[in-house]
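# A structural walkthrough
The residues making up each chain are set out below.
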Amino acid sequence: MTAPKYRELADMLLERVGTSAIGAPVPSERQLADETGVSRMTARRAIDELVRQGLLTREVGRGTFVSRPAVSMPLQLTSFTEDMRARGHEPSSTVLRLETVDADAAEAAVFGMAPGDPVLVLVRLRLADGTPMAIERTHLRADVVPGLERYDFAADSLYRVLLEEYDVRFDAGEQVIRAGIVRDDDAATLRLAAGAPVLELIRTSESQGVVVERTAPTYSAARFELSAQLAPITARGSAPRSALRVRG
């Protein structure tokens, strides 16, 4: 089935947005129509689509510009659902995968298990106000959460189930942030152009000294920014709220 012309044009425009600075102007409807040979109505619908997704913003009398990221994410241990609701967005999820697999050597090292021990894999598409925001890949120790497959994580909160049904209370964790390029198989799901920039937040969460969860969400870089509170290291009693590590 052929995609609507405005959708094709929106995807083309999205490639420009992904490589443009915040506040950079984008072509007007007339310029876009002249450049691509479509009608002005089609050009308007394409721009409207990116405005609806929060990637572009219109300013009366000035034009259309690349938006600041729609959501500012704090660097702290919270759930996607909590973060979105705290910012006035309605979260939702679609379960893409839920199954138990044998841990490979790398996963076993993370969880302190033996290769081949069971790990539960949960992959979800996370949305805010119906717009795809992230693909979240979660691995959990299956021996800590037996029977977790019976829950519907399209509707239920994973952290609520872990706390209330398994008494798993996360009290420590580590998060590594890195920039990347969207996977080919994720691009369509996230409504991103091929090669679009993404943020990957790789988090391990501990409960009573045991690593129970490893989550690796992939966020659209155009829709998110990360925030952290900093204090001078010489300030009495000060401690960093978060740390960014540069890999090299």
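Below you will find a few notes about this structure. The structure presented is a predicted model; accordingly, all values stated were derived computationally and were not measured.

What counts and what doesn't
Residues numbered from 1 in each chain as written. Predicted model: local features only at pLDDT ≥ 70, side-chain atom pairs only at ≥ 80, totals over all residues. Heavy atoms only, no water. Helix = DSSP H or I, 4+ residues; strand = E, 2+ residues; numbered from the N terminus. Buried < 20%, exposed > 50% of the residue type's maximum accessible area, 1.4 Å probe, protein only. Core = buried A, V, L, I, M, F, W, Y, C linked by side-chain atoms within 4.5 Å. Contact = heavy atoms within 4.5 Å.

## A closer look at the environment of E8
Tracing the sequence through the fold places E8 in helix 1 (residues 5–18). Judged by its relative accessible area of 36%, E8 is partly exposed. Sequence-wise, E8 and A46 are 38 residues apart; in three dimensions their C-alpha atoms are separated by 8.2 Å.

## Details of the nonpolar core
Of all hydrophobic cores here, the largest spans 18 residues; its most connected members are L50 and L56. When contributions to this core are tallied by element, the ones reaching two or more residues are helix 1, helix 2 (29–36) and helix 3 (40–52). At five residues, the largest contribution of residues to this core is made by helix 1. Other than its neighbours up to four places away in sequence, L56 contacts L13, V17, V26, I47, L50, V51, T64, F65, V66 and S67. Ranked by size, the runner-up nonpolar core spans 15 residues in total, among them L140, L148, Y159 and V161.

## A closer look at the environment of A154
Within the secondary structure, A154 is located in the loop between strand 6 (131–141) and helix 6 (158–166). Distance from A154 to R124, taken between C-alpha atoms, is 7.9 Å for residues 30 residues apart in sequence.

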